[in-house]
Amino acid sequence: MAVAAPAPPAMTYRAEASIPLPDGRWDLLSVDADHRRVVIARGDSVSVVDIATGTARSIGAIDRGHAALAVPGTHTIAVTSGKDNTLRLLNADDGHEIAKIPVGDDPDAAIWDPAARRIVVMNAKGGTVSVVDPVAIRVETSIAVKPALELAVMIAPGLMAINDEDANEIELVDLTRGVALAPIALNGCEGPTGIAFAPDANLLLSACANGKAALVDVRTRKLVKLLPIGAGPDTALYDAARRRFLVPCGKSATLSVFALNRHGAITPLAPVPTEIGARTGAIGPDGRIYLPTARFLPAEAGKRPDMVPGSAHLIVLVPTG
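Residues numbered from 1 in each chain as written. Predicted model: local features only at pLDDT ≥ 70, side-chain atom pairs only at ≥ 80, totals over all residues. Heavy atoms only, no water.

Chemist: Break down the overall build of the protein chain for me, citing the residues and quoting the values.
Modeler: When you go through the protein chain residue by residue, the secondary structure sums to zero helices and 29 strands. Relative to its length of 321 residues, the protein chain is compact, with a C-alpha radius of gyration of 19 Å against a globular reference of 20 Å. The dimensions of the protein chain, computed from C-alpha atoms along their principal axes, are 75 × 50 × 45 Å. Expressed as a percentage of the 321 residues in the protein chain, the buried residues total 55%. (Helix = DSSP H or I, 4+ residues; strand = E, 2+ residues; numbered from the N terminus. Rg over C-alpha atoms; globule rule 2.2 N^0.38 Å. Buried < 20%, exposed > 50% of the residue type's maximum accessible area, 1.4 Å probe, protein only.)

Chemist: How would you sum up the pairing of strand β10 (residues 107-113)? Please name residues and give values.
Modeler: Here is the key point about a regular strand: its side chains alternate between the two faces of the sheet. When you tally the buried positions in β10, you get seven out of seven residues, the bulk of the element. The pairing of β10 with strand β11 (residues 118-123) spans five bridges and is antiparallel. Bridging across to β11, Ile111 finds its partner in Val120. The turn joining β10 and β11, which pair antiparallel and follow one another in sequence, is formed by four residues; a positive phi near 55° is taken by Arg117. (Pairing = 2+ DSSP bridges.)

Chemist: Before we move on, can you summarise the sheet that holds strand β12 (residues 128-133) with the specific residues and values?
Modeler: Spatially, β10-β11-β12-β13 is the arrangement adopted by the four strands of the open sheet, whose pairing is antiparallel. The open sheet has two edge strands with one neighbour each: β10 and β13 (138-144). The sheet shows a mean angle of 25° between the axes of neighbouring strands, taken without regard to direction. (Axes fitted to C-alpha atoms, helices over the stretch in contact; angles between N-to-C directions.)

Chemist: Which residues make up the state of the cysteines, and what are the values?
Modeler: Here, disulfide denotes a covalent bond that connects the sulfur atoms of two cysteines. On inspection of all chains with the given rule, the structure shows one disulfide. In this model Cys189 forms its disulfide with Cys208; the gap between the sulfur atoms is 2.1 Å. Its S-S torsion of about -105° marks the bond between Cys189 and Cys208 as left-handed, since a negative value means left-handed. Of this pair, Cys189 sits in the loop between β18 (184-185) and β19 (195-198) while Cys208 sits in the loop between β20 (203-207) and β21 (212-217), and the two are 19 residues apart along the sequence. (Disulfide = S-S within 2.5 Å.)

Chemist: Could you give an account of the environment of Leu181, naming the residues involved and the relevant values?
Modeler: Position of Leu181 among the secondary structure elements: in the loop between β17 (179-180) and β18. Using a relative accessible area of 25% as the deciding quantity, one classes Leu181 as partly exposed. As a C-alpha pair, Leu181 and Ala161 span 20 residues in sequence and 9.9 Å in three-dimensional space.

Chemist: Outline the nonpolar core, listing residues and values.
Modeler: Counting residues in each nonpolar core, the largest one holds 47 residues, and the members touching the most others are Ile119, Met122, Val129, Met160 and Leu204. Apart from the residues within four sequence positions on either side, Met160 is in contact with Ile111, Val120, Met122, Val129, Ala152, Val153, Met154, Glu171, Leu172, Val173 and Leu175. Within the second largest apolar cluster, 18 residues are counted, among which are Ala198, Ala201, Ala213 and Cys249. (Core = buried A, V, L, I, M, F, W, Y, C linked by side-chain atoms within 4.5 Å. Contact = heavy atoms within 4.5 Å.)

Chemist: Can you tell me about the sheet that holds strand β26 (residues 266-273), naming the residues and giving the values?
Modeler: Across a sheet, strands are paired by hydrogen bonds formed along the backbone, either parallel or antiparallel in direction. Taken in spatial order, the four strands make up an open sheet running β23-β24-β25-β26, and their pairing is antiparallel. The open sheet has two edge strands with one neighbour each: β23 (237-239) and β26. Between one strand axis and the next, the sheet turns by 25° as a mean value, whatever way the strands run. As judged from the three bridges shared by β23 and strand β24 (residues 244-249), these two strands associate in the antiparallel manner. Pairing of Asp239 across the sheet is with Arg244, part of β24.

Chemist: Describe the layout of surface pockets, with residues and values.
Modeler: The volume enclosed by the largest pocket comes to roughly 1,100 Å³. Going through the elements one at a time, β2 (26-32), β6 (65-70), β10, β14 (149-156), β19, β23 and β27 (282-283) are the ones with two or more residues in the lining of the largest pocket. Here the element with the most residues in the lining of the largest pocket is β2; it accounts for five residues. Here the lining of the largest pocket is composed, by residue class, of 30 nonpolar, five polar and three charged. Approximately 880 Å³ is the volume attributed to the second largest pocket. Every residue lining the second largest pocket is counted, 25 residues in all, and those nearest its centre are Trp26, Asp234, Lys251, Arg279 and Arg304. (1 Å grid on protein atoms, 1.4 Å probe; cavity = no way out; pocket = protein on both sides within 12 Å on 5 of 7 lines; lining within 4 Å. Points joined across faces, edges and corners; volume = space filled by probe spheres on them. Nonpolar A, V, L, I, M, F, W, Y, C, P; charged D, E, K, R; others polar.)

Chemist: Account for the environment of Gly60, with residues named and values stated.
Modeler: The residue Gly60 is located in the loop between β5 (55-59) and β6 in this model. For Gly60, a relative accessible area of 33% translates into the label partly exposed. Residues within four places of Gly60 in sequence aside, it is in contact with Asp44, Ser45, Leu90 and Gly95.

Chemist: I'd like a rundown of the pairing of β24, residues and numbers included.
Modeler: When you tally the buried positions in β24, you get six out of six residues, the bulk of the element. Across the two faces of β24 the burial is the same, with Arg244, Leu246 and Pro248 and Phe245, Val247 and Cys249 all buried. What sits between β23 and β24 in their antiparallel hairpin is a turn of four residues, with Arg243 showing a positive phi close to 55°. Inspection of the sheet shows β24 paired to strand β25 (residues 254-260) by six bridges, in the antiparallel sense. Note that in β25 the partner of Cys249 across the bridge is Thr254. Here β24 hands over to β25 after four residues, with Ala253 in that stretch at a positive phi of 55°.

Listed below in structure tokens is the structure:
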């Protein structure tokens, strides 16, 4: 008697669309829910993607863009310009540059502090954090932390957690007092980049370069466990409505998914197939996930592969349940 093969694991997300993008490198992105668009930092510009029409346009003149941040309640996009050490403020509607603000050395990730209504910039090489007032258009304060600062997240009013890629730890910064606090060691996590926070469980998740994700209890400020993920992550996301941590992994072409129950216990779910190169991402309030990538030519030994011309696109994943 033949034995039926086990049913494949149910997918938590499915591909809904693929939106063409201009050629060129990309980095961090964010969702502008108020205006139904996605903004993506590019090497020399910002891509503004209209979600409703599935079309993209380029704005700005950036010198190696690292992070594009839609400033809530405005039409402004803040983008870190890594080679000239500035934060650019752009008008997303007509594309004009509002301001060019000098920050620290090699500005990389940027987040929004909703309590203070400030843009916070992580200066990777300088090891500082720049707190920028987007109305007064100036750096309000610069906070010394450590070099190799990566992505960050607010974990309480005035309190920010930042991955440190070289030190393999989470730096805690008190933005109200303008000081760095004692870090959280991520033993077993190499090269943490992406970070996400589940406020309903007081848990942080850092995506590591060695096929692990580090789960940290914010209350005790201690590493809880290491979880297996795919290869080549660069961001981490939290789907609050579905209580899921998500890690896009560009080398393995997967989205690692972890479910949280009401007690804070975490369970790995089946990885979602994506595409090679889909290492950064953003999530909208409706749970849709946006992952930029492209197709690639075979790489020469010791070199990065070139992109196939005309192949850059934005994957849209929609939750299935």
